[in-house]
Amino acid sequence: MSSSSLFGNVILVCIMLSSAMLAAEDPLDAAQNGFRNWLLSQFDYFFTGIFTVELLLKLVTYGLVLHRGAFLRSAFNVLDALVVCVSLVSMLVKSGSISVVKILRVFRVLRPLRAINRAKGLKTYLSSCVSFLPFEISNPNNDNQAQFPK
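No experiment lies behind these values; they were computed from the predicted model shown. (Residues numbered from 1 in each chain as written. Predicted model: local features only at pLDDT ≥ 70, side-chain atom pairs only at ≥ 80, totals over all residues. Heavy atoms only, no water.)

*Asks:* Would you mind going over the overall build of the protein chain with me for this structure?
*Replies:* The helix and strand tally for the protein chain stands at 5 helices and 0 strands. Secondary structure elements of the protein chain occur, N-terminal to C-terminal, as α-α-α-α-α. Residues counted as buried form 30% of the 150 residues belonging to the protein chain. For the protein chain, the proportion of contacts with a sequence separation of at least 24, taken over those separated by at least 6, is 60%. (Helix = DSSP H or I, 4+ residues; strand = E, 2+ residues; numbered from the N terminus. Buried < 20%, exposed > 50% of the residue type's maximum accessible area, 1.4 Å probe, protein only. Contact = heavy atoms within 4.5 Å.)

Quick look at the structure:
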């Protein structure tokens, strides 16, 4: 089921909706006294539940680590698991002051990156960009770059 296109499309829509709702959240109303932030936090619980079920289904389907093709053998799947686990920890542990939990909630902005794992063309593009970065960082004054006329 976790590899079906319908399941993947539903999860992709959930990722997009969750990302849009995350963008609509008001960070200045940290206590969530406003109705909008309260409603968005309820949707956050809902989407975190869906993403947790997805993670569990994939862990059962693909296995954890021990064999080729296992879930945690892919860096994108590790990112998925990290985002879901951080969301769960930040929801389960509540604190009123600036704490590690509030810092962990910042990781929710990585949710849109989970969509990369579903779009194969975007995944290939991002992988090639990331593999190109070490060359550019080690050689920032590359003389082989095209020169534009002045």
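*Asks:* I keep staring at the packing of helix 1 (residues 5-24) against helix 2 (residues 35-62) and nothing clicks. Help me out?
*Replies:* Working note: a packed helix pair is described by the angle between its axes plus the distance between those axes. In contact at an axis separation of 10 Å, helix 1 and helix 2 are set at 150 degrees when each is read in the N-to-C sense. In terms of their interaxial angle, helix 1 and helix 2 are classed as roughly antiparallel. At the point where helix 1 passes helix 2, the crossing takes the left-handed sense. Between helix 1 and helix 2, the contacting residues are F7, I11, C14, I15, L17, S18, M21 and A24 on the first element and R36, L40, F43, F47, I50, F51, E54 and L57 on the second. (Axes fitted to C-alpha atoms, helices over the stretch in contact; angles between N-to-C directions. Parallel < 35°, antiparallel > 145°, perpendicular 65-115°, else oblique. Left-handed = near helix turned anticlockwise from the far one by under 90°.)

*Asks:* Would you explain the UniProt feature "transmembrane region" (unreviewed entry) in the protein chain in this entry?
*Replies:* Residues given the UniProt feature "transmembrane region" (unreviewed entry) here are residues 6-24, 45-65 and 71-93. Here residues 6-24 runs as 100% helix and 0% strand, with 27 Å between its end C-alpha atoms. Along residues 45-65 the backbone is 86% helical and 0% strand, and the end-to-end C-alpha distance reaches 28 Å. (UniProt positions renumbered as here; feature names shortened; annotations may be inferred.)

*Asks:* What is the right way to read the packing of aromatic side chains from this model?
*Replies:* Under the defined criterion, the tally for this structure stands at 4 aromatic pairs. Taking the centre distance of 5.3 Å and the plane angle of 65 degrees together, the rings of F46 and F47 count as edge-to-face. What makes F46 partly exposed here is its relative accessible area of 47%. The exposure class of F47 is buried, given its relative accessible area of 4%. Between F47 and F51, the ring centres sit 6.4 Å apart and the planes meet at 20 degrees, which makes this aromatic pair stacked. Within this pair, F47 and its partner F51 are both found in helix 2, separated by 4 residues, close to a single helical turn. F51 shares its class with F47; the two are buried. Members of the aromatic cluster, each reached through a chain of ring pairs, are F43, F46, F47 and F51. (Phe/Tyr/Trp six-rings, centres within 6.5 Å; stacked < 30°, edge-to-face > 60°.)

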